[in-house]
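One-letter residues, chain by chain:
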Amino acid sequence: MLDVKNVSMSYGEVKAVQNLSFTIKPGEIFGLLGTNGAGKTTTFRMIMGLIQPKSGSITLDGHQVSYDDVNDIGYMIEERSLLTKITVKDLMYYLGQLKEVSKEDIEKRLDYWLDRFHITEYKLKKVKELSKGNQQKIQFIAALINNPKLLILDEPFSGLDPINTELFVQTIRDFQKQGTMVIFSSHQLDHVESFCEKIVVLEKGQVILEGPIQTIKETYQKLNIRIKATHIDMKSLENIEGVIQIDTYPNAIMVKVASKECVKDVFDVVKTFDHVTTFDVLEPPLSEIFIDKVTRHEKA
Amino acid sequence: MKKLKFLISFGLKKRLLKKSFLISNIIIGLLTIVIINLPTIIGLFDNDNDQTVQIAYITDRETSSYITSLDVTLNQGLDVPMFIFTETTTELEDTFFDQQQYDILLRLSAQEASINIQLYRFNTTYDTAILQTLQLLDVIDQNQNYMPPTTETFLPQDYEDPVINEIISGLSSVFTLPLFLILTFGIQFVGVDIIEEKSSKAIETIISSVKASIHFLSKIIASLIFILIQSILLVIYGLIGSAIGNQSTSVTGMSTESLTEVFVQYFPNWQSILVITALFILIGAMLYLVIAALTASIATTQEDYQTFQGPIMILLVIGFYISLFASAAGGDTILRIASFIPFFAPMTVPVAYASGLLSNIEVFLALATLLISTGIVIVLVTPIYKVAILSYEQTKLFQRLKFYIQKSKHE
């Protein structure tokens, strides 16, 4: 289990991370979110023992995390981070041996992953000869080559097409089933929503949102109502107290309301419209909550 | 320790198994062989037959026959006589070094049991030829009860041995150039290696597996081993050059000497010169490598690194030129002062010591200065490297450096 407790890190006057706490159990996927410069990379580096927090503690399976744990951690950074002038095989030998994986195991695992990602033919090619998508796969394999206990994935799907994204998703799910702890960071919040049970949102080093996604959504209160009808009287909807925003789409409209209590008022108006085919009350997507919280924090 | 070893071997393999290493060593090898045999090569193209040596002579009745025999012996086998003999008077003895008509003044006078040879000349080039021939003629002439001739030789008051001057100048080729090349290779090795990992962001993945300090140390050690290998190769090229020189001497029969032979002949303390050179190159290289590693860690792109390494290369080039020209241009003070400046010492001390400019104590002091400076630089640079290697600031060099120094105090 990874336990991050009241961790803070600062560089002089700059507070990179303040009082961050979360726990990840084996087989859990945890979302660490935030805008650029929010403190995610500093948090990753503290978890890997690269830098020591100013206060608080980080423990992995009960002991203080240190550099000795790096062999059990897989890390995939947001940007391409590969030595491009050497072959895929040499690169994996290099990165794998740095994690103290034997050459035999690297060879076996590399063959397995290359086959699984359908890029076996690139094993002896130089990394720079590969497409961006395939380089992303190599980078992903590099993070998995040591069969990590803790896998840190920073924007793993960037630059991938939907088919390859699905390959990555399945792989992450497999690791989850094996009991690997996964820290997942992405700006594509639909992925976060589909993967993670719990999240922390950082903004300028401060925690502005945390907890299980379901609880966050329930606490958020605002709801979206999707309405499909042949004639919609926008004026009457706008006049309802608690309606925050109305967005028009080709076949429907989306009414954002401040709380559950407003839903009945909206329904009462909508049932007066002709041929109403849809009236869906939807939980707000994570992206909406994220934007709302970050914007409010910036204003504050 | 396991990771350190692995990183060192990986770095070395990456550098040594490259085509560029092979090609550069072929070129360096050939150049070394040529430089070592430069005197032989010059000798092969030097056509001394066109030169004449004007010899003025003064004899008495008993010794006049020696000049005739000397003329015949020295010019034997030559289509056109090289040694031109002209009789003169004793007045020339007083004015010889002020005139330019004659190269040599030879005065032979008979004594009771032997002859006296007085030899006036501007340099010692023909001493052996003239004196040995005269001795031989004297042996033949006296036949029995032989008494060796007495000899007096005279040189201009401001005479400087051209061979010693050549040797000191030659040291620049034998020492300074290889040292400069080795240091440049080392700086390139460590700098390019680090910036390649940093600019490709591969460093993020690497540092997530190995401590920054271990990474730093591995780069320095790998570069030092590389420098050691390159130095050994240079010595091998030198030995091959010497062997080729000896071989060509025995084949052509020309009495030319390779630089190695001349070096050993004129520097009886060559063993201590080599030890001191090795020490200074090793510690000096470490100083330069640490700074090159820091520079590469501060840079974010290859272009950045090329710009930032400029000052290091300038320091290296200044040291190179001081050791190359200071001694030859009479700038002994500059060479001496530069030997106590850590950035110049690796190149200037071997030359200054070999030419006798520095005493053993001074060399020891210069070594201590270099060693202490290198230690201080390592202690100061390591924490900055740890911070800089994972940072991608885009500000100007000194601003960036200042930022990393401050950041290193907080991590």
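Values in this document were obtained by computation on a predicted structure and should not be read as measured data. (Residues numbered from 1 in each chain as written. Chains lettered and ligands numbered in written order. Predicted model: local features only at pLDDT ≥ 70, side-chain atom pairs only at ≥ 80, totals over all residues.)

Undergrad: What am I meant to see in helix α4 (residues 132–144) of chain A here?
TA: Owing to its 3.6 residues per turn, the α-helix aligns residues three or four sequence positions apart on the same side. Helix length check: α4(A) (13 residues) gives 19 Å between terminal C-alpha atoms against 18 Å at 1.5 Å per residue, within 8%. Three or more residues of α4(A) are buried, namely A:Q135, A:Q136, A:K137, A:I138, A:Q139, A:F140, A:I141, A:A142 and A:A143. Against the buried residues of α4(A) lie β6 (73–76), α2 (88–98), α3 (103–116), β7 (150–154) and α5 (162–177) of chain A together with α8 (202–207) of chain B. (Helix = DSSP H or I, 4+ residues; strand = E, 2+ residues; numbered from the N terminus. Expected span 1.5 Å × (residues − 1). Buried ≥ 20, exposed ≤ 12 C-beta atoms within 10 Å, placed from the backbone. Contact = placed C-beta atoms within 7 Å.)

Undergrad: Is there a simple way to explain the domain arrangement of chain A in this structure?
TA: One frequent convention defines the size of an interface as the accessible area lost when the parts assemble. Entries for chain A in the domain assignment read domain 1 (2–215) and domain 2 (223–283). Relative to domain 2 of chain A, the C-alpha centre of domain 1 of chain A lies at a distance of 41 Å. (Domains from an automatic or database assignment.)

Undergrad: I keep staring at the interface of chain A and chain B and nothing clicks. Help me out?
TA: Facing the 23 residues of chain A at the interface are 20 residues of chain B. Secondary-structure elements contributing two or more residues to the side of chain A that touches chain B are β1 (2–11) and α2 of chain A. The greatest single-element share of the side of chain A that touches chain B, amounting to four residues, is contributed by α2(A). When the residues that make up the side of chain A that touches chain B are grouped by side-chain class, the tally is 14 nonpolar, five polar and four charged. (Nonpolar A, V, L, I, M, F, W, Y, C, P; charged D, E, K, R; others polar.)

Undergrad: Help me out: how do you make sense of the environment of A:N71 in this one?
TA: Residue and element names in this part refer to chain A. Along the chain, N71 falls in the loop between β5 (63–64) and β6. Judged by the 16 C-beta atoms lying within 10 Å of it, N71 falls in the partly exposed class. Separated by 28 residues in the primary sequence, N71 and K99 have C-alpha atoms spaced 4.7 Å apart. In this view, N71 contacts K99, E100 and N146; residues no more than four positions away in its chain are not counted.

Undergrad: What is the right way to read the sheet that holds strand β5 (residues 150–154) of chain B from this model?
TA: The strands that make up a sheet pair up through hydrogen bonds in the backbone, lying either parallel or antiparallel. All names here are of chain B. Taken in spatial order, the five strands make up an open sheet running β2-β1-β3-β4-β5, and their pairing is mixed. Looking at the sheet topology across the chains shown, the edges are occupied by β2 (83–87) and β5. Put simply, the sheet's adjacent strands are angled 20 degrees from each other on average, direction ignored. Bridge count for strand β3 (residues 104–110) against strand β4 (residues 115–121) is seven bridges, and the pairing is antiparallel. What sits directly across from L108, in β4, is I117. Helix α4 (residues 64–74) rests against β1 (53–58), β2 and β3 of the sheet, and its axis sits at about 165 degrees to β2. In this fold helix α6 (residues 127–142) packs onto β3, β4 and β5, with an angle of close to 165 degrees to the strand it touches most, β4. (Pairing = 2+ DSSP bridges. Axes fitted to C-alpha atoms, helices over the stretch in contact; angles between N-to-C directions.)

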